[in-house]
Amino acid sequence: MAAAEPKPPAGAAAAGRLARGCWSAFWDYETPKVIVVKNRRLGVVYRSVQLLILLYFVWYVFIVQKSYQDSETGPESSVITKVKGITFSERKVWDVEEYVKPPEGGSVFSIITRIEVTPSQTLGTCPESVRVSNASCDTDEDCVAEQLDMLGSGLRTGRCVPYYQGSAKTCEVWGWCPVEDGASVSQFLGKMAPNFTILIKNSIHYPKFQFSKGNIEHRKDGYLRRCTFDEVSDPYCPIFKLGFIVEQAGENFTELAHTGGVIGVIINWDCDLDLSASKCNPKYSFRRLDPKHVPASSGYNFRFAKYYKVNGSATRTLIKAYGIRIDVIVHGQAGKFSLIPTIINLATALTSIGVGSFLCDWILLTFMNKNKVYSHKKFDKVCKPRRSSGSWPVTLALVLGQAPPPPCPCSADPGQSLAAPPPWPCPASAPSEQMADAPEQTVGPELCASEPSRQDSTLTDPRGLAQL
């Protein structure tokens, strides 16, 4: 007698059934069930949400943001500047070569409006500045020889000497003497500075769209020699007066000339390339960039020196310059119609309209008085389909409505058993569209959760199309 084959473990059998069930469910097709609810308030909410979403996409996304266009930000840009004008101080006349730093004419430059000059500095010994920490002293013992203070003016000699004026004493240093505080003279250059003219020549290029343009009008009649910028009458004459720039930035010119500051000239090129090139025009704006309300870092100044020889000795003039620094900043964005972003945003808009259905379903199934009725109408419990023992002609006749549908073996009584498997499968779904009245209607026993809308299937699908 042959030995019985060992049975596989129960866990392996369960895992196999689970895998087969998942594989079978993977090929199922699901379709939503449509229910029309006759409720005015819910309908108002539904249409209002759809209208808001539609207005958002039509007005903001497509009209304001122009999301139907392919865009490019940050154009390739070049800036050339040129300053003209002449001014004077208490001691001399100043021209462009002296008060513009650096002179190359780039996008960042400074116009000197006030200077503090320390003339005739030579290498030697002199008192340290009183503004340097630990520079004050009473005796030589307070000064350490060969000590170098990184914020000081030179190398300390170890002697305590009288300061330039007054009774104070500071440590002696070896360096460029006299130090800045001891002999500096202030000169103001800002009397004529508001009338300085600044030419800002700018050209941009958008490589994605092969589009280039400049901010100067192409004319051969000497137009640039006699024009100044005006947003309305001369938008393509980029010659600005320094006083106009400071005024547009909301600053007082006299105060700014004494303390110094940084002014930004922002050129914005926002171009809709679906229109003609003449509609792509630069927009200028001006604002102060440095933090003027922070005392520790307000203003703008820098130092430079001019070197020469006197009787064979190296000599220099130290200049601490206060001025107005101009930063020319160019940015922009170009857009042109493209089919891909248009399709993407249209699909997003159509998908977002479904938010109204989600919101109304949540209200319907959560807050309505007869929410269980709506839940029963929306979610059907269908019987498990069984294999039919009939032949394919009978099945085809059933599908085409030429034969009456078989009765459903589903039972409302959970204790009732079936004597034999039914010869026909039960309806797999409810009708494609049902009418659910408002919650004021009474609910009969036929709407209980254990019966899957059998009367509705019979009334709305008399030909048995639900078998599909």
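Residues numbered from 1 in each chain as written. Predicted model: local features only at pLDDT ≥ 70, side-chain atom pairs only at ≥ 80, totals over all residues. Heavy atoms only, no water.

**Quick notes on the packing of helix 2 (residues 40-64) against helix 8 (residues 339-352)**
Here is step 1: One can describe the packing of helix 2 onto helix 8 by two numbers: an axis separation of 9 Å at closest approach and a directional angle of 160°. Considering their axes alone, helix 2 and helix 8 lie roughly antiparallel with respect to each other. Taken as a pair, helix 2 and helix 8 cross one another with a handedness that is right-handed. Contact residues: helix 2 offers Ile53, Phe57, Val61 and Phe62, while helix 8 offers Asn345, Leu346, Thr348, Ala349 and Ser352. (Axes fitted to C-alpha atoms, helices over the stretch in contact; angles between N-to-C directions. Helix = DSSP H or I, 4+ residues; strand = E, 2+ residues; numbered from the N terminus. Parallel < 35°, antiparallel > 145°, perpendicular 65-115°, else oblique. Left-handed = near helix turned anticlockwise from the far one by under 90°. Contact = heavy atoms within 4.5 Å.)

**Describing the state of the cysteines**
Here is step 1: On inspection of all chains with the given rule, the structure shows five disulfides.
Here is step 2: There is a disulfide in this structure between Cys126 and Cys177, and the S-S distance comes to 2.0 Å. Negative torsions about the S-S bond denote left-handed disulfides, and the value of about -75° found for Cys126 with Cys177 makes this one left-handed. Of this pair, Cys126 sits in strand 7 (residues 108-127) while Cys177 sits in strand 9 (residues 169-177), placing them 51 residues apart in sequence. For the residue pair Cys126 and Cys177, the accessibility class agrees, reading buried in each case.
Here is step 3: Covalent S-S linkage joins Cys137 and Cys160, the inter-sulfur distance amounting to 2.0 Å. Residues Cys137 and Cys160 are joined by a disulfide whose S-S torsion is about 95°; by sign, that bridge is right-handed. With Cys137 in the loop between strand 7 and strand 8 (154-162) and Cys160 in strand 8, this pair connects stretches of sequence that are 23 residues apart. (Disulfide = S-S within 2.5 Å. Buried < 20%, exposed > 50% of the residue type's maximum accessible area, 1.4 Å probe, protein only.)

**Quick word on the pairing of strand 17 (residues 313-337)**
Here is step 1: When strand 2 (residues 69-73) meets strand 17, the two strands line up antiparallel, connected through five bridges. From the neighbouring strand, Glu72 faces strand 17, where its bridge partner is Ala334.
Here is step 2: Where strand 7 meets strand 17, 12 bridges bridge the pair, whose relative direction is antiparallel. Across the sheet, Val117 pairs through a bridge with Ile319, a residue of strand 17.
Here is step 3: The pairing of strand 16 (residues 301-310) with strand 17 spans 10 bridges and is classified as antiparallel. Opposite Phe304, over in strand 17, you have Ile319 as the bridge partner.
Here is step 4: Following strand 16, the chain reverses through two residues before pairing antiparallel with strand 17; Asn311 in that reversal takes a positive phi of roughly 55°. (Pairing = 2+ DSSP bridges.)

**With respect to the confidence of the model for the protein**
Here is step 1: Considering every residue of the protein, the mean pLDDT works out to 80; 78% of them sit at 70 or more.
Here is step 2: Under a pLDDT of 50 for its full length, residues 409-468 has, in the predicted model, 96 contacts with residues more than four places off or in other chains. (pLDDT = per-residue confidence, 0-100.)

**A few points about the UniProt feature "transmembrane region" (unreviewed entry) in the protein**
Here is step 1: Per the UniProt record, the feature "transmembrane region" (unreviewed entry) sits at residues 44-62 and 346-368.
Here is step 2: Taken end to end, residues 44-62 has its terminal C-alpha atoms 26 Å apart, with 100% of it in helix and 0% in strand.
Here is step 3: Segment residues 346-368 splits into 83% helix and 0% strand. End C-alpha atoms: 33 Å apart. (UniProt positions renumbered as here; feature names shortened; annotations may be inferred.)

**Points about the nonpolar core**
Here is step 1: Tyr99 and Leu242 are the most contacted members of the largest nonpolar core, which has 49 residues in total.
Here is step 2: The element contributing the most residues to this core is strand 17, with seven residues.
Here is step 3: Ile53, Phe57, Val61 and Ala349 belong to the second-largest nonpolar core, a separate cluster that totals six residues. (Core = buried A, V, L, I, M, F, W, Y, C linked by side-chain atoms within 4.5 Å.)

**Some details on the packing of aromatic side chains**
Here is step 1: By the definition in use, this model includes 18 aromatic pairs.
Here is step 2: Between the aromatic rings of Phe240 and Phe286, the centroid separation amounts to 5.8 Å while the plane-to-plane angle is 70°, which identifies the pairing as edge-to-face. Taken together, the residues Phe240 in strand 13 (residues 239-241) and Phe286 in strand 15 (residues 283-288) connect sequence positions 46 residues apart.
Here is step 3: The class for Phe286 is buried, based on a relative accessible area of 12%.
Here is step 4: Above the plane of the ring of Phe304 lies Lys101, whose end atom (NZ or CZ) is 4.9 Å from the centre. (Phe/Tyr/Trp six-rings, centres within 6.5 Å; stacked < 30°, edge-to-face > 60°. Lys NZ or Arg CZ within 6 Å of the ring centre and 35° of its normal.)

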